[in-house]
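Structure at a glance
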Amino acid sequence: MSDIEKLQKINKELKIYINESSFISTTCRNKILKIFADEFSLKLDIDNYKNVDLSIQEDFSILYREDLYQSSNKITSIDEVLERYQRFQEKADPIIKRKSIDFQGKRKFNDVANLIIVICMIFLAVAVIFLGVRAFFIGDYFDCLWLVVFILPSIVPRFKEAFHNRLVQAKNYIKKKFK
């Protein structure tokens, strides 16, 4: 593999590191950039920019956000670049792996939380019905009227739709669990 091909491969991998870390968080991306700056002896302007491009040029200068940077420890060969890049990878990989988002665990947590919310909504509906019927039977018609005229119309339209959506999600989760 020629030197240019090696640099192109490194630049592609750098884009992957930047994109993965940006997907996790801006803080993670800034840590990756700081590790790169330390390994390549650069003084990069690491800030919360929206877009960040990082690449190594053929003359071993670093192009970062359309600005050229030179290493304070002059890089003279592709072997030095590969050595520094290897050290960068060793430090960056654990950060990316540790902070990567676990979609399965997050989905499982959301499904369980949804199930708990559905149960709470059922208890809330039963409690409101119980209070309304109790108020009617003990002759507290003012509380019963207050419940029917003001409380139920403001809660029921939103409650019905939200309850239905959450109930469908909970039912699908329970079906999936028992299969």
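Parameters and conventions
- Residues numbered from 1 in each chain as written.
- Predicted model: local features only at pLDDT ≥ 70, side-chain atom pairs only at ≥ 80, totals over all residues.
- Heavy atoms only, no water.
- Helix = DSSP H or I, 4+ residues; strand = E, 2+ residues; numbered from the N terminus.
- Rg over C-alpha atoms; globule rule 2.2 N^0.38 Å.
- Buried < 20%, exposed > 50% of the residue type's maximum accessible area, 1.4 Å probe, protein only.
- Areas by Shrake-Rupley, 256 points an atom, 1.4 Å probe, with all protein chains shown as cover.
- Lys, Arg positive; Asp, Glu negative; His and termini not counted.
- Charge placed at Lys NZ, Arg CZ, Asp CG, Glu CD.
- Axes fitted to C-alpha atoms, helices over the stretch in contact; angles between N-to-C directions.
- Contact = heavy atoms within 4.5 Å.
- Nonpolar A, V, L, I, M, F, W, Y, C, P; charged D, E, K, R; others polar.
- Expected span 1.5 Å × (residues − 1).
- Bend = angle between axes of the 7 residues up to and from the residue.
- Patch = residues over 30% accessible without salt bridge, like charges linked within 9 Å, V, L, I, M, F, W, Y side chains within 5 Å.
- Salt bridge = Lys/Arg side-chain N within 4 Å of Asp/Glu carboxyl O.

For the rest of this paragraph, the subject is the overall build of the protein. Helix and strand counts for the protein stand at 5 helices and 3 strands. Helices (α) and strands (β) of the protein occur, in sequence order from the N terminus, as α-α-β-β-β-α-α-α. Here the C-alpha radius of gyration of the protein, 29 Å, is well above what a compact globule of 179 residues would show, namely 16 Å. In terms of overall dimensions, the protein has C-alpha extents of about 90 × 40 × 20 Å along its principal axes. Within the protein, the proportion of its 179 residues that are buried is 28%. Of the roughly 12,700 Å² of accessible surface on the protein, 60% is carried by carbon and sulfur atoms. Of the side-chain charges in the protein, 29 are positive and 23 negative, and the distance between the mean point of each set is 11 Å.

The contact between helix H1 (residues 3–24) and helix H2 (residues 26–39) brings their axes to 7 Å, and the two run at 145 degrees. Only Cys-28, Arg-29, Ile-32, Leu-33 and Phe-36 of H2 make contact with H1, whose side of the interface consists of Leu-14, Tyr-17, Ile-18, Ser-21, Ser-22 and Ile-24. Of the residues in the contact of H1 with H2, the class split is 8 nonpolar, 2 polar and 1 charged.

Right, let's talk about the side chain of Asp-111 for a bit. Take Asp-111: it is sitting in helix H4 (residues 103–137). In this structure, Asp-111 is in contact with Tyr-173 and Lys-176, ignoring residues within four places of it in sequence.

Attention now goes to helix H5 (residues 141–178). The first and last C-alpha atoms of H5 sit only 46 Å apart over 38 residues, clearly below the 56 Å expected at 1.5 Å per residue. At Leu-152, H5 is bent by approximately 50 degrees, the largest bend along its length, and proline Pro-153 sits one to four residues beyond. Listing the buried residues of H5 in full gives Cys-144, Leu-147, Ala-170 and Tyr-173.

It is worth spelling out H2 at this point. Across its 14 residues, H2 extends 20 Å between first and last C-alpha, which sits within 8% of the 20 Å expected from 1.5 Å per residue. When H2 is considered as a whole, its buried residues turn out to be Cys-28, Arg-29, Asn-30, Ile-32, Leu-33, Ile-35, Phe-36, Ala-37 and Glu-39. Downstream of H2 by one or two residues, Ser-41 has phi in the positive range, about 55 degrees.

Okay, a negative patch on the surface next. There is a patch of like negative charges on the surface, built from Asp-45, Asp-47, Asp-53, Glu-66 and Asp-67. The exposure class of Asp-45 is partly exposed, given its relative accessible area of 39%.

Turning our attention to a nonpolar patch on the surface. Taken together, the side chains of Phe-142, Leu-145, Trp-146, Val-148, Val-149 and Phe-150 define a hydrophobic patch exposed on the protein surface, amounting to about 660 Å² of accessible area. Checked against the element boundaries, Leu-145 lands in helix H5.

Attention now moves to the pattern of salt bridges. Counting across every chain of the model gives 6 salt bridges. Between Asp-38 and Lys-34 there is a salt bridge; the shortest N-O distance is 3.6 Å. One end of the pair is Asp-38 and the other is Lys-34, both in helix H2 and 4 residues apart, which spans about a single turn. We note a salt bridge from Lys-176 to Asp-111, for which the minimum N-O separation is 3.8 Å. In this pair, Lys-176 is assigned in helix H5 and Asp-111 in helix H4, connecting sequence segments 65 residues apart.

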